[in-house]
Amino acid sequence: MSVAFTREEYRERTRRLRQRMAERGIDTLLVLNESNMNYLTGYEGYSDYVPQLALVCQDEEDPWLILREIDTFCATPTSYLPESRVLSYPEQYIGSSERTPWQPIADLIRKRSKSNRLGIEMGAKILGMKSYAALANNLDMSKAVDADGLVATLHRVKSPAELAYMEQAGKIADRALQAGRLEISVGARECDVAAAVQSALIKGTPEFPGGPCYGALTMPVGSPANAPHLKWSDATYKLGCQTNFEIGAFRHRYACALSRTIFLGEPSARAQHLHRAAQDGFLSEFDAIRPGVKCSDVSHAFKRAFEPYGVRKESRSGYSTGIDWGADLSFNPDDHTVIEANMTFHVLIGIWEKEDGYIFSETVRVTETGAKSLSNMSRELLVNY
């Protein structure tokens, strides 16, 4: 394996983070979200089922990684950090009802920071109630603050290297969705369709392979297909059903999402109506995206085009994306964040209602003049006969 970015780019990210920490009065930051650990160090262990973190100290150029002992060997090939900045706690703390990894982690933190002006990513999935209590029992958290979102604000705007990975992922996503579509026929097993998509996501293109698929494939099948987050089932395809593909291709954890609905046989008049509503809403939203407008402005543009169709849709119509398909901005009426060039968004028109189901999405990059899609997939109604 190789490190995804240069040492200089990683250090610039940490430099900007330390500035944000200073603004918040934070001397030491505990980065618990593995996507953010990856952003700052390159670490790709996929090991966030156990306690781990990146430690950022205000007066140091590089972070520290604190990992389970065996996971230090995941840091060596993926992180830019030297071995001296990759710390570990012993394996005896894993799977024990009597010992907690948060105790040696707290010891390692205290040795590197004398300040109790801590910032902690409180929303990280590894920091449940018991974990928080264990950390608090072993570390002075009297002045700790919730630092959720602090790192995420840094990777809203993508560098040229990040954008290059997302553009590569876009090419993989197109190939994967087309591979799945070609497998859909009467009598085909849903699992075989899913396998074709997953295989294409991993194979990538002749120029670059696909990365690990982090929650990469959703494909409810039905008539209508109105469940947003179901996977494939044991069933076989029948004439008249639809498949709502929502897939994500990855390059060094940078995601490009893509969604389309595929009909097996002639779609109903209602399904065709949903397609027109989704397509017009998408195009209006796409045209509204440019530097200087607010996320709420984009949401309003979507609603102006979509609502005349009389189709119920309560969910948001898109969100920011990048590492691990994460999001911190939304195309909602109450998100007034100003859009900047080189942000990336998953423009998602998903209709999940009792009688209706349809999905249409693309990942877009914000250029100086507007939105640029990272997909070349057809935007027409997609039907297999």
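Peer 1: Can you explain the overall build of the protein chain? Please cite residues and give values.
Peer 2: Helices and strands together make up the secondary structure of the protein chain, namely 9 helices and 15 strands. Looking at the protein chain alone, contacts between residues at least 24 apart form 68% of all its contacts between residues at least 6 apart. Averaging the positions of the 44 positive and the 49 negative side-chain charges in the protein chain gives two centres separated by 1 Å.

Peer 1: Summarise unusual backbone geometry; cite the residues concerned and give the values.
Peer 2: For residues that are not glycine, phi is negative in most cases, and the peptide bond is trans in most cases. Residues serine 223 and proline 224 are joined by a peptide bond in cis, for which omega reads 0°. The topology assignment puts proline 224 in the loop between β8 (221-222) and β9 (242-251). In this structure, tyrosine 46 is a non-glycine residue whose phi angle is positive, near 50°. If you trace the backbone, tyrosine 46 turns up in the loop between α2 (34-41) and β2 (53-57). Judged by its relative accessible area of 27%, tyrosine 46 is partly exposed. The backbone of arginine 253 sits at a positive phi, close to 75°, despite the residue not being glycine. Checked against the element boundaries, arginine 253 lands in the loop between β9 and β10 (254-264). A residue is classified by how much of its surface remains accessible, and arginine 253, at 2% relative accessible area, is buried.

Peer 1: Kindly report on helix α5 (residues 129-138), identifying the contributing residues and their values.
Peer 2: Looking at α5, one finds that the buried residues are Ser131, Ala134 and Leu135. Mapping the buried residues of α5 onto a view down its axis gives an arc of 100°, with all of them on the same face. Turned more than 90 degrees off the buried face of α5, the exposed positions are Met129, Lys130 and Asn137. Close packing links the buried residues of α5 with β1 (28-31) and α4 (102-112).

Peer 1: Tell me about the sheet that holds β2, and please be specific about residues and values.
Peer 2: Strand order in the open sheet formed by 6 strands is β4-β3-β2-β1-β5-β6, with mixed pairing between adjacent strands. The two strands at the open ends of the sheet, each matched to only one other strand, are β4 (86-89) and β6 (145-146). In the sheet, strand β5 (residues 118-120) pairs with β6 via 2 bridges, with the strands oriented parallel. Each bridged residue has a counterpart across the sheet, and for glycine 119 the counterpart in β6 is valine 145. α4 rests against β1, β2, β3 (64-68) and β4 of the sheet, and its axis sits at about 20° to β2.

Peer 1: So what's going on with the pattern of salt bridges? Which residues, and what values?
Peer 2: Tallying each qualifying case throughout the model produces 21 salt bridges. The salt bridge partner of glutamate 12 is arginine 15, with a shortest N-O separation of 2.6 Å. Taken together, the residues glutamate 12 and arginine 15, both in helix α1 (residues 7-24) and 3 residues apart, mark about one turn of the helix. Here glutamate 34 makes a salt bridge to arginine 253, at a shortest N to O gap of 3.1 Å. Note that glutamate 34 is positioned in helix α2 and arginine 253 in the loop between β9 and β10, a separation of 219 residues in sequence. Like glutamate 34, the residue arginine 253 is buried in the burial classification. Among the charged side chains, a salt-bridge network with shared partners connects Glu9, Arg13 and Glu162.

Peer 1: Tell me about the state of the cysteines, residues and numbers included.
Peer 2: Evaluated as defined, the whole model comprises 0 disulfides. Just so you know, cysteine 213 is unpaired, no disulfide at all, and the nearest cysteine sulfur is the one on cysteine 256, 13 Å from it. According to the relative accessible area criterion, cysteine 213 is partly exposed, its value standing at 26%. A residue is classified by how much of its surface remains accessible, and cysteine 256, at 2% relative accessible area, is buried.

Peer 1: I'd like a description of the pairing of strand β13 (residues 357-366), backed by residues and values.
Peer 2: Buried residues dominate β13, accounting for 9 of its 10 residues. As paired elements, β10 and β13 share 2 bridges and run antiparallel to each other. The partner of leucine 258 across the bridge, within β13, is glutamate 362. As paired strands, strand β12 (residues 344-352) and β13 are joined by 9 bridges and run antiparallel to one another. Across the sheet, leucine 348 pairs through a bridge with serine 361, a residue of β13. Counting the residues in the hairpin turn of β12 and β13 gives 4 residues. Where β13 folds back onto strand β14 (residues 371-373) in an antiparallel hairpin, the turn is made up of 4 residues.

Calculation criteria
Residues numbered from 1 in each chain as written. Predicted model: local features only at pLDDT ≥ 70, side-chain atom pairs only at ≥ 80, totals over all residues. Heavy atoms only, no water. Helix = DSSP H or I, 4+ residues; strand = E, 2+ residues; numbered from the N terminus. Contact = heavy atoms within 4.5 Å. Lys, Arg positive; Asp, Glu negative; His and termini not counted. Charge placed at Lys NZ, Arg CZ, Asp CG, Glu CD. Buried < 20%, exposed > 50% of the residue type's maximum accessible area, 1.4 Å probe, protein only. Arc of directions from axis to C-beta. Pairing = 2+ DSSP bridges. Axes fitted to C-alpha atoms, helices over the stretch in contact; angles between N-to-C directions. Salt bridge = Lys/Arg side-chain N within 4 Å of Asp/Glu carboxyl O. Disulfide = S-S within 2.5 Å.

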